[in-house]
Amino acid sequence: MMMMTQEQALERLNGNDLLQLGMDAGDVRQTLWPEPVVTYTVGYAATVGSGSQIDEISAAIERGATGLVLSASAGASLSAVATDIAAIHQRFPELVLTGFSPAQIIRLGDADEACRALQHAGLVLFGSAKQDRHPPAHIDWLAIHRAAHQAGLQSVAVLELRSSDTSEDWVSLLEQVAALQRETKGFLACEPRIEQMERALDEVTGAQYLKMVALCRLYLDTIPHLQVDWSIFGPKVLQVALRFGADDAGLVLASARDRKVPSHHSGEEELRRIIRDAGFQPSQRDAVYGRHFVY
């Protein structure tokens, strides 16, 4: 695949041919992942730093969780967080431990030290936790991902889309992510995301979101997986996004696995139906994109 230039990306982003952009992204997805499969994972969100919630985690495993998405408790120290992670890893070695956001790493102290400590304790994937609604303005989140990669962690690049961003802002961000991937090869996945409060205040359209999904797949073709989150636009946009380059539908919480309502992060049966209706086979994966079985 030929690398897209920033000028080409800007032209496609500002263009009017959404369908062709999506089809081109779908072709890249087909090259990377030829099988007509869309993955998702079943996990459990837990906080660490104030006790390791062993009983709750055991219950989540019984409900099908294959991984944990971890966040640091408010005010927790790096030592307390690492201690809890190590205890969970020792008690449940089969679980894949993921989580934390760049803002949480900053609160734990020096990024290099924090990432090394979390990796040593048993963390495998960084960046999968819910992002802070109002992260500190000074955070250089790409530098924190670099620290994670250098510590031996893979990570998920969560790319926030705001209506206040210009096309140039978005293309610049994509280039920075691509440059870090060329340097470290540490990004396992990327996910364009719209924060709900931002959308409520200043509307971002479904078409803009789909443009960014497609452009992420075209520009970031060295990042293996493209994950989509349908919490804002719902199942119809999710289905289109799966045709616009995305290969993963995100997380079903183990606590909500059996729900049949078509709401985000709940209803595994409903998510599988949506994936099938888009023309793909749903496949449960672990937290680092290893596939388990196809439905």
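Now for a look at the structure at hand. If you're wondering where the values come from, they're calculated on a predicted model, not measured in any experiment. (Residues numbered from 1 in each chain as written. Predicted model: local features only at pLDDT ≥ 70, side-chain atom pairs only at ≥ 80, totals over all residues. Heavy atoms only, no water.)

Quick look at the overall build of the chain now. Looking only at helices and strands, the chain has 12 helices and 10 strands in total. Counting across all 295 residues of the chain, residues that qualify as buried make up 54%. Put simply, 76% of the contacts in the chain that link residues at least 6 apart link residues at least 24 apart. In the form shown here, the chain has an accessible surface area of approximately 13,000 Å², with 51% of it arising from carbon and sulfur atoms. (Helix = DSSP H or I, 4+ residues; strand = E, 2+ residues; numbered from the N terminus. Buried < 20%, exposed > 50% of the residue type's maximum accessible area, 1.4 Å probe, protein only. Contact = heavy atoms within 4.5 Å. Areas by Shrake-Rupley, 256 points an atom, 1.4 Å probe, with all protein chains shown as cover.)

Let us look at empty space enclosed by the protein. A full pass over the atoms with the stated rule returns one cavity of 30 Å³ or more. Considered as a void within the structure, the largest cavity measures approximately 40 Å³ in volume. In terms of lining, the largest cavity is formed by Arg193, Ile194, Tyr209, Asp229, Ser231, Ile232 and Phe233. Tallied by class, the residues present in the lining of the largest cavity amount to four nonpolar, one polar and two charged. (1 Å grid on protein atoms, 1.4 Å probe; cavity = no way out; pocket = protein on both sides within 12 Å on 5 of 7 lines; lining within 4 Å. Points joined across faces, edges and corners; volume = space filled by probe spheres on them. Nonpolar A, V, L, I, M, F, W, Y, C, P; charged D, E, K, R; others polar.)

Among the structural elements, Ile61 can be located in helix α3 (residues 54–62). Judged by its relative accessible area of 26%, Ile61 falls in the partly exposed class. When near neighbours in sequence (up to four residues on either side) are disregarded, Ile61 contacts Phe92, Glu94 and Leu95.

Geometry of an aromatic ring pair is reported as the spacing of the ring centres plus the angle between the planes. Following the criterion strictly, the structure yields zero aromatic pairs and no others. If you follow Arg285 out to its NZ or CZ, it ends over the ring of Tyr289, 3.8 Å from the centre. (Phe/Tyr/Trp six-rings, centres within 6.5 Å; stacked < 30°, edge-to-face > 60°. Lys NZ or Arg CZ within 6 Å of the ring centre and 35° of its normal.)

With that settled, consider the pattern of salt bridges. One pass over the structure, following the stated rule, counts eight salt bridges. The residue Asp24 makes a salt bridge to Arg12 at a minimum N-O spacing of 2.8 Å. Here the residue Asp24 occupies a position in helix α2 (residues 18–32), and Arg12 occupies one in helix α1 (residues 6–14), the gap between them amounting to 12 residues. Classification of Asp24 as partly exposed rests on a relative accessible area of 22%. Residue Arg285 pairs with Asp248 through a salt bridge whose shortest N-O separation is 2.5 Å. Of the two residues, Arg285 sits in strand β9 (residues 281–285) while Asp248 sits in strand β8 (residues 248–253), which places them 37 residues apart along the sequence. (Salt bridge = Lys/Arg side-chain N within 4 Å of Asp/Glu carboxyl O.)

It is the contact of helix α8 (residues 167–184) with helix α10 (residues 206–219), at a shortest axis distance of 11 Å, that shows an interaxial angle of 35 degrees. Of the two possible hands of crossing, α8 and α10 adopt the one that is right-handed. Note on element contacts: α10 touches α8 through Met212, Leu215, Cys216 and Tyr219, opposite Trp170, Leu174, Glu175 and Ala178. Its residues assigned to classes, the contact of α8 with α10 comprises seven nonpolar, no polar and one charged. (Axes fitted to C-alpha atoms, helices over the stretch in contact; angles between N-to-C directions. Left-handed = near helix turned anticlockwise from the far one by under 90°.)

Here Gln284 lies in strand β9. The class of Gln284 is buried, set by a relative accessible area of 2%. For the pair Gln284 and Ala249, spaced 35 residues apart in sequence, the C-alpha to C-alpha distance is 10.0 Å.

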